[in-house]
Amino acid sequence: MIDILKTIPISIWSVALGSLIAFSGVLISNWNNTRRLKIQLRHDAKIKAIDRKATLRRDVYLTAVEELVKANSYLGTLTQVDPINTNLAEPLQQFFATAAKLALVAEEETGKALNELVISYSGLIFKLMIKLSPISDSKIDLNLANSQYDEEQAEIKRILAAMTKQNESGRPDNNVFDALSNSFDHHKKRSDELANKRNECWDKINKYTKELAIYLAHEMKNIALLQVPVMVGIRKELDIDTDAEGYRKLVQSNAEKISKQLDELLVSLENSPA
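Overview of the structure.

What counts and how
- Residues numbered from 1 in each chain as written.
- Predicted model: local features only at pLDDT ≥ 70, side-chain atom pairs only at ≥ 80, totals over all residues.
- Heavy atoms only, no water.
- Core = buried A, V, L, I, M, F, W, Y, C linked by side-chain atoms within 4.5 Å.
- Buried < 20%, exposed > 50% of the residue type's maximum accessible area, 1.4 Å probe, protein only.
- Helix = DSSP H or I, 4+ residues; strand = E, 2+ residues; numbered from the N terminus.
- Contact = heavy atoms within 4.5 Å.
- Axes fitted to C-alpha atoms, helices over the stretch in contact; angles between N-to-C directions.
- Parallel < 35°, antiparallel > 145°, perpendicular 65-115°, else oblique.
- Left-handed = near helix turned anticlockwise from the far one by under 90°.
- Nonpolar A, V, L, I, M, F, W, Y, C, P; charged D, E, K, R; others polar.
- Patch = residues over 30% accessible without salt bridge, like charges linked within 9 Å, V, L, I, M, F, W, Y side chains within 5 Å.
- Areas by Shrake-Rupley, 256 points an atom, 1.4 Å probe, with all protein chains shown as cover.
- Salt bridge = Lys/Arg side-chain N within 4 Å of Asp/Glu carboxyl O.
- Phe/Tyr/Trp six-rings, centres within 6.5 Å; stacked < 30°, edge-to-face > 60°.
- Lys NZ or Arg CZ within 6 Å of the ring centre and 35° of its normal.
- Expected span 1.5 Å × (residues − 1).
- Bend = angle between axes of the 7 residues up to and from the residue.

1. Regarding the nonpolar core
Counting residues in each nonpolar core, the largest one holds 36 residues, and the members touching the most others are Tyr61, Leu75, Leu102, Tyr121 and Leu128. Those elements that provide at least two residues to this core are α2 (10-75), α3 (93-105), α4 (108-168) and α5 (174-237). Counting residues per element, this core draws most heavily on α4, at 10 residues. The residues contacting Leu128, other than those within four sequence positions of it, are Leu75, Leu78, Leu88, Leu212, Tyr215 and Leu216.

2. Some words on the packing of α4 against α5
Packing of α4 against α5 leaves a shortest axis separation of 7 Å and a crossing angle of 165 degrees. Comparing the axis directions of α4 and α5 gives the class roughly antiparallel. Considering how the two elements wind past one another, α4 and α5 form a crossing that is left-handed. Tallied by class, residues from the contact of α4 with α5 come to 35 nonpolar, 15 polar and 14 charged.

3. Quick look at a nonpolar patch on the surface
Nonpolar side chains collect at one region of the surface, where Phe126, Met129 and Ile130 lie side by side and expose about 340 Å² of accessible area between them. As for its position among the elements, Met129 is in helix α4.

4. Remarks on the packing of aromatic side chains
Summed over the entire model, instances satisfying the criterion amount to two aromatic pairs. Each ring, one from Phe95 and one from Phe96, has its centre 5.7 Å from the other, and the planes form 55 degrees; the classification is tilted. The buried category is assigned to Phe95, whose relative accessible area is 4%. With relative accessibility at 19%, the residue Phe96 sits in the buried group. Members of the aromatic cluster, each reached through a chain of ring pairs, are Phe95, Phe96 and Tyr121. Its guanidinium or amino end placed over the ring of Tyr215, Lys131 lies 4.9 Å from that ring's centre, counting from NZ or CZ. The residue whose ring lies beneath Arg198 is Tyr149, and the NZ or CZ to ring-centre distance is 4.0 Å.

5. Some points on α4
If you check α4, its first and last C-alpha atoms are 87 Å apart, about what 61 residues at 1.5 Å a residue would give, namely 90 Å. At Leu132, α4 shows its largest bend, some 35 degrees, and a proline, Pro134, comes one to four positions later. Of the residues flanking the end of α4, it is Gly170, one or two places downstream, whose phi is positive at about 85 degrees.

6. Some thoughts on the side chain of Glu67
Residue placement: Glu67 occurs in helix α2. Its relative accessible area of 9% is what places Glu67 among the buried residues. Not counting residues within four places of it along the chain, the set of residues in contact with Glu67 comprises Gln94, Phe95 and Thr98.

7. Comments concerning the pattern of salt bridges
In the structure shown here, the tally under the stated rule is seven salt bridges. Note that Lys70 is salt-bridged to Glu67, the shortest N-O span being 3.6 Å. Within this pair, Lys70 and its partner Glu67 are both found in helix α2, separated by three residues, close to a single helical turn. Among the ionic pairs, Lys112 bridges to Glu108, the shortest N-O distance being 3.4 Å. Here Glu108 and Lys112 lie together in helix α4, a separation of four residues that amounts to about one turn.

The structure is reproduced here in structure tokens:
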């Protein structure tokens with residue numbers, strides 16, 4: 001075999017060696033190209049995943065901020081809500097649903113802050129149900145007193161019309177007139193009692209509404225402070241502001257200013273007559 005190989009011309013070996021080197025070069029080039037392609041594909045996949053995540057976060061976060069504003073506005077109207085005929089938590093359902101989506105895509109720190117905020121809102125709703133109960137009861141009493149007062153006023157008008165008819169008949173019946181007078185006195189007394197009852201109901205409503213407003217102002221002050229880390233986290237994760245600490249200080253400063261204004265409002269409410 002060695003003798004046979006020795007008989008092969010050098011030129012043939014040169015061609016074979018050159019082909020082998022060229023083939024090896026192609027293999028190495030293809031291997032490098034494949035390696036670079038895999039790296040590029042992994043990079044592109046990573047970029048696309050980041051883009052998808054950023055798009056998802058942007059949509060969820062912006063919706064969450066919008067729902068947060070709506071939730072705060074709704075809480076400000078609760079002094080006028082009837083808890084018997086209204087589901088207090090229903091207007092906040094969209095906020096809770098959006099918060100659940102936000103918790104899925106948010107970073108751990110933002111998620112924890114959001115969880116505390118949601119728990120605070122939920123607890124506040126239950127507390128407000130209790131606070132609104134005496135207002136609702138007073139409104140029920142007021143509506144009943146109004147209805148009865150209107151009935152008494154209708155009776156008084158009917159009796160006065162009958163008394164006027166007796167006087168204008170030219171031949172009034174004293175017995176009938178006396179009966180009408182007695183009936184008038186009865187309904188007039190009852191009407192006065194109901195008028196006083198209505199005033200008492202309004203006094204209670206105003207008193208309980210004032211107490212609720214003071215309580216709600218205190219709670220909103222606490223919620224405003226809980227919103228700070230959530231808003232800072234959202235802004236940071238959306239890459240809206242690279243100076244997260246500076247924005248945190250700005251939001252904290254604004255929250256403290258609002259807190260001061262709320263304190264002044266609370267002092268004013270507490271010192272005002274019921």
